[in-house]
Amino acid sequence: MNNLPIIALDFDSKEAVDQFLDQFDEPLFVKVGMELFYQTGPQLISAIKARGHDIFLDLKLHDIPNTVGKAMEGLSKLNIDLVNVHAAGGSEMMGRALAGLRKHNADIKLIAVTQLTSTTEAMLRDEQNIQTTIEDAVLNYAQLAKDSDLDGVVCSPLEAELLKKELGTDFLKVTPGIRPIDSNTDDQKRITTPEDAKKLGATHIVVGRPITQSDNPVASYHKIKESWLG
Ligand code: C5P
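These numbers come from a predicted model, not from an experiment. (Residues numbered from 1 in each chain as written. Predicted model: local features only at pLDDT ≥ 70, side-chain atom pairs only at ≥ 80, totals over all residues. Heavy atoms only, no water.)

**What to know about the overall build of the chain**
Here comes step 1: Across its full length, the chain carries ten helices and eight strands.
Here comes step 2: A globule of 230 residues ought to have a C-alpha radius of gyration of about 17 Å, and the chain, at 17 Å, matches this closely.
Here comes step 3: Across its three principal directions, the C-alpha atoms of the chain cover 45 × 40 × 30 Å.
Here comes step 4: Counting every position in the chain, which comprises 230 residues, the buried fraction comes to 51%.
Here comes step 5: Restricting to contacts in the chain with at least 6 residues of sequence separation, those with at least 24 account for 66%.
Here comes step 6: Element-wise, carbon and sulfur atoms account for 48% of the exposed surface of the chain, whose accessible area totals about 10,800 Å².
Here comes step 7: Side chains of the chain carry 24 positive and 34 negative charges; the gap between the two charge centres is 3 Å. (Helix = DSSP H or I, 4+ residues; strand = E, 2+ residues; numbered from the N terminus. Rg over C-alpha atoms; globule rule 2.2 N^0.38 Å. Buried < 20%, exposed > 50% of the residue type's maximum accessible area, 1.4 Å probe, protein only. Contact = heavy atoms within 4.5 Å. Areas by Shrake-Rupley, 256 points an atom, 1.4 Å probe, with all protein chains shown as cover. Lys, Arg positive; Asp, Glu negative; His and termini not counted. Charge placed at Lys NZ, Arg CZ, Asp CG, Glu CD.)

**Quick notes on the side chain of Gln115**
Here comes step 1: Summarising the element assignment, Gln115 is placed in the loop between β5 (109-113) and α5 (121-126).
Here comes step 2: Here the side chain of Gln115 touches Gln128 through a polar contact of 3.3 Å, side chain to side chain.
Here comes step 3: Dropping the residues within four chain positions of it, Gln115 is found in contact with Leu124, Gln128, Ile130, Ala137, Val138 and Tyr141. (Polar contact = N/O pair within 3.5 Å; in protein donor to acceptor, adjacent residues only side chain to side chain.)

**Structural notes on the packing of aromatic side chains**
Here comes step 1: A full pass over the atoms with the stated rule returns three aromatic pairs.
Here comes step 2: Centroid distance Phe11 to Phe20: 5.4 Å. Interplanar angle 45°. Geometry classified as tilted.
Here comes step 3: The buried category is assigned to Phe11, whose relative accessible area is 14%.
Here comes step 4: Ring geometry for Phe24 versus Tyr221: centroids 5.7 Å apart, planes at 85°, classification edge-to-face. Of this pair, Phe24 sits in the loop between α1 (14-21) and β2 (29-33) while Tyr221 sits in helix α10 (residues 217-229); the two residues are 197 residues apart in sequence, bridging distant segments of the chain. For the residue pair Phe24 and Tyr221, the accessibility class agrees, reading buried in each case.
Here comes step 5: Each residue in the set Phe11, Phe20, Phe24 and Tyr221 is aromatic and connected to the rest through ring pairs, giving one cluster. (Phe/Tyr/Trp six-rings, centres within 6.5 Å; stacked < 30°, edge-to-face > 60°.)

**Some thoughts on the UniProt feature "active site" (unreviewed entry) in the chain**
Here comes step 1: Look at the UniProt record and you will see "active site" (unreviewed entry) annotated at Asp58, Lys60 and Asp63.
Here comes step 2: The residue Lys60 is located in strand β3 (residues 54-61) in this model.
Here comes step 3: The class for Lys60 is partly exposed, based on a relative accessible area of 24%.
Here comes step 4: Setting aside chain neighbours within four positions, we find Lys60 in contact with Met34, Asn84, Val85, His86, Val113 and Leu116.
Here comes step 5: In terms of polar contacts, Lys60 uses its side chain to reach the side chain of Asp58, at 3.1 Å.
Here comes step 6: On the secondary structure map, Asp63 appears in the loop between β3 and α3 (65-75).
Here comes step 7: Residue contacts for Asp63: discarding those within four places in its chain leaves Val68 and Met93. (UniProt positions renumbered as here; feature names shortened; annotations may be inferred.)

**Quick notes on the pattern of salt bridges**
Working definition: two side chains of opposite charge can pair if their charged atoms are close together.
Here comes step 1: This model, assessed by the stated rule, comprises twelve salt bridges.
Here comes step 2: Note that Asp81 is salt-bridged to Lys49, the shortest N-O span being 2.6 Å. Here Lys49 lies in helix α2 (residues 34-50) and Asp81 lies in the loop between α3 and β4 (82-86), a separation of 32 residues in the sequence. Lys49 shares its class with Asp81; the two are buried.
Here comes step 3: The closest approach of N and O atoms between Asp196 and Lys199, which form a salt bridge, is 3.4 Å. One end of the pair, Asp196, and the other, Lys199, are both in helix α8 (residues 194-200), three residues apart, so they sit about a helical turn from each other.
Here comes step 4: A network of salt bridges, in which partner residues are shared, links Lys14, Asp18, Asp22 and Arg51. (Salt bridge = Lys/Arg side-chain N within 4 Å of Asp/Glu carboxyl O.)

Next comes the structure, spelled out in structure tokens:
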């Protein structure tokens, strides 16, 4: 798995993905989420892989341990590099997810979503009845993911610093919410630049609209890549 910025392919068809990827003549790391996967399925994964790109399949599985384990066993047959579950599913679910994934593939990394970045402290308190700060809730789930032998978590770059201190540099911290200094923030609230995400301890960044909606996606990608890799 490479450490390039992960481009979120938030498109709704194979044609749109092809049109976007045709502009690049280098290996990339791309993220396929629910919107795209539910409409294009495993065939698209093979097609992207055939172009030589690394793939993060962002499906955020969350169900009973047996179901997630079996689902992961199926996903392990796909040629992907990184996949995820919700830590809220618990340690047994994460363990079964890992075992399922290992059935056909020893290399796919498994990470956990802690608290979605759309969750506010008020939602945590009033809806989930978790009476702590977001940071403590994130750290708790990240620790559970680490204790369950997962490779890392998805988190906000602003949480990466705490997780680096508490869980170490090898534990993956994949961070969305990245915006270059001169770009539109869209609906992202807690954002950093690629350089700051790196300083805070992110091991991978996920960037969507600043690249996919750019007038010149290749130039925007290279600018972000340079500021990320330094
Ligand atoms: O366009 P943008 O750079 O905001 O895209 C970020 C990507 O990361 C989207 O695919 C979004 O769904 C995803 N994501 C996120 N925040 C999370 C988890 C995933 O923005 N906590």
